[in-house]
Amino acid sequence: MANCLTIYVDININEYMSRAGSVSFETTLHVRDCCLCLHVQRAARALARRFDEALRPLGLTNGQFSLMMSLNRPEPPGMASVASLLAMDRTTLTAALKPLERRGLVKVAADRLDRRSRRLSLTAQGNALLASAMPVWEDTHRDVESLLEDRDLARLRSSLLALS
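Being a predicted model, the structure only gives us computed values, none of them experimental. (Residues numbered from 1 in each chain as written. Predicted model: local features only at pLDDT ≥ 70, side-chain atom pairs only at ≥ 80, totals over all residues. Heavy atoms only, no water.)

Draft legend 1. Fine view of the overall build of the chain. Counting its secondary structure elements, the chain contains eight helices and two strands. The buried share among the 164 residues of the chain stands at 18%. A separation of at least 24 residues holds for 46% of the contacts in the chain among residues at least 6 apart in sequence. Summed over all atoms, the accessible surface of the chain reaches about 11700 Å², with 58% contributed by carbon and sulfur. (Helix = DSSP H or I, 4+ residues; strand = E, 2+ residues; numbered from the N terminus. Buried < 20%, exposed > 50% of the residue type's maximum accessible area, 1.4 Å probe, protein only. Contact = heavy atoms within 4.5 Å. Areas by Shrake-Rupley, 256 points an atom, 1.4 Å probe, with all protein chains shown as cover.)

See the structure below:
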């Protein structure tokens, strides 16, 4: 009975698509199988979930870890620099900073040379948490790399960078 239902639905979908003059189901399957955007999005979501789970005991998400890591510099970076590195707009960065700032992990301060600009830095507590998170990140990263069939990780990183 389930097979009959599947066939019935497939027939109706194909009939509807041909009447509506829309894209064929075969094209949908082609896009599903070939679309780089879809595959990169799926991989990004899967990686994000994996790192979120690994970092959860520390009270961090993968996005917060990346943001904190982007602040780990000899001199406090400006908002534009961090937003560019993380490929996010300044409004999104500001929203992402707020919970870290409330937890006392990040400090947002006026730039000494331009009071309209903001400089971002890790607090001592933020540095300590980032140091605690590094072994978790290293283990998770090693696990992810071991899943990849193509071991040319430099080429993969280069290709992903070209897309960003």
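Picking up where we left off.
Draft legend 2. Looking closely at the packing of helix H4 (residues 62–71) against helix H7 (residues 124–147). Taken N-terminus to C-terminus, the directions of H4 and H7 make an angle of 120°; their axes are 10 Å apart at the nearest point. Of the possible angle classes, the one that applies to H4 and H7 is oblique. Along this stretch, H4 crosses H7, giving a crossing that reads as left-handed. Of the residues in H7, those touching H4 at Phe 65, Met 68 and Met 69 are Gly 126, Leu 129, Leu 130, Ala 133, Met 134 and Trp 137. (Axes fitted to C-alpha atoms, helices over the stretch in contact; angles between N-to-C directions. Parallel < 35°, antiparallel > 145°, perpendicular 65-115°, else oblique. Left-handed = near helix turned anticlockwise from the far one by under 90°.)

Draft legend 3. A look at a nonpolar patch on the surface. Together, Val 40, Leu 156, Leu 160 and Leu 163 make up an exposed nonpolar region whose accessible area comes to about 350 Å². No other element matches helix H8 (residues 153–163), which puts three residues into the nonpolar patch. Along the chain, Leu 160 turns up in helix H8. (Patch = residues over 30% accessible without salt bridge, like charges linked within 9 Å, V, L, I, M, F, W, Y side chains within 5 Å. Salt bridge = Lys/Arg side-chain N within 4 Å of Asp/Glu carboxyl O.)

Draft legend 4. Focus on unusual backbone geometry. For Ala 87, which is not a glycine, the phi torsion comes out positive at approximately 55°. Considering the arrangement of structural elements, one finds Ala 87 in the loop between helix H5 (79–85) and helix H6 (90–102).

Draft legend 5. Expanded view of the nonpolar core. By size, the foremost hydrophobic cluster in this structure holds 19 residues, and its most contacted members are Met 68, Leu 93 and Leu 97. The leading source of residues in this core is H4, at four residues. Beyond its immediate stretch of four places on either side in the chain, Leu 93 contacts Leu 67, Met 79, Val 82, Ala 83, Met 88 and Leu 120. (Core = buried A, V, L, I, M, F, W, Y, C linked by side-chain atoms within 4.5 Å.)

Draft legend 6. Quick peek at the side chain of Thr 140. Checked against the element boundaries, Thr 140 lands in helix H7. With residues up to four places along the chain from it excluded, the contact list for Thr 140 reads Arg 50, Phe 51 and Ala 54.

Draft legend 7. Inspection of the environment of Ala 83 at higher detail. Structurally, the position occupied by Ala 83 is in helix H5. Accessibility expressed as a relative area gives 4% for Ala 83, which makes it buried. Each C-alpha atom of the pair Ala 83 and Ser 70 lies 9.5 Å from the other, and the pair is 13 residues apart in sequence. Sequence-distant contacts of Ala 83, defined by excluding residues within four places in its chain, comprise Met 88, Asp 89, Arg 90 and Leu 93.

Draft legend 8. Quick look at the confidence of the model for the chain. Per-residue confidence for the chain gives a mean pLDDT of 89; residues scoring 70 or more make up 88%. Per-element confidence in the chain ranges from a low mean pLDDT of 52 for helix H1 (residues 2–20) to a high of 98 for H4. (pLDDT = per-residue confidence, 0-100.)

Draft legend 9. Structural context of the environment of Asp 111. Assignment of secondary structure puts Asp 111 in the loop between strand S1 (106–110) and strand S2 (118–122). Considering only alpha carbons, one finds Asp 111 and Pro 76, 35 residues apart in sequence, at a separation of 9.3 Å. Apart from the residues within four sequence positions on either side, Asp 111 is in contact with Ser 117, Arg 118 and Arg 119. Of note is the side chain of Asp 111, whose polar atom sits 2.7 Å from the backbone nitrogen of Leu 113. Here the side chain of Asp 111 touches Asp 114 through a polar contact of 3.4 Å, landing on its backbone nitrogen. (Polar contact = N/O pair within 3.5 Å; in protein donor to acceptor, adjacent residues only side chain to side chain.)

Draft legend 10. Here's a closer look at the side chain of Ser 70. Mapped onto the elements, Ser 70 comes out in helix H4. A polar contact of 2.6 Å, which involves the side chain of Ser 70, links it to the backbone oxygen of Leu 67. Excluding residues that lie within four positions of it along the chain, Ser 70 makes contacts with Pro 77, Val 82, Leu 85 and Leu 86.

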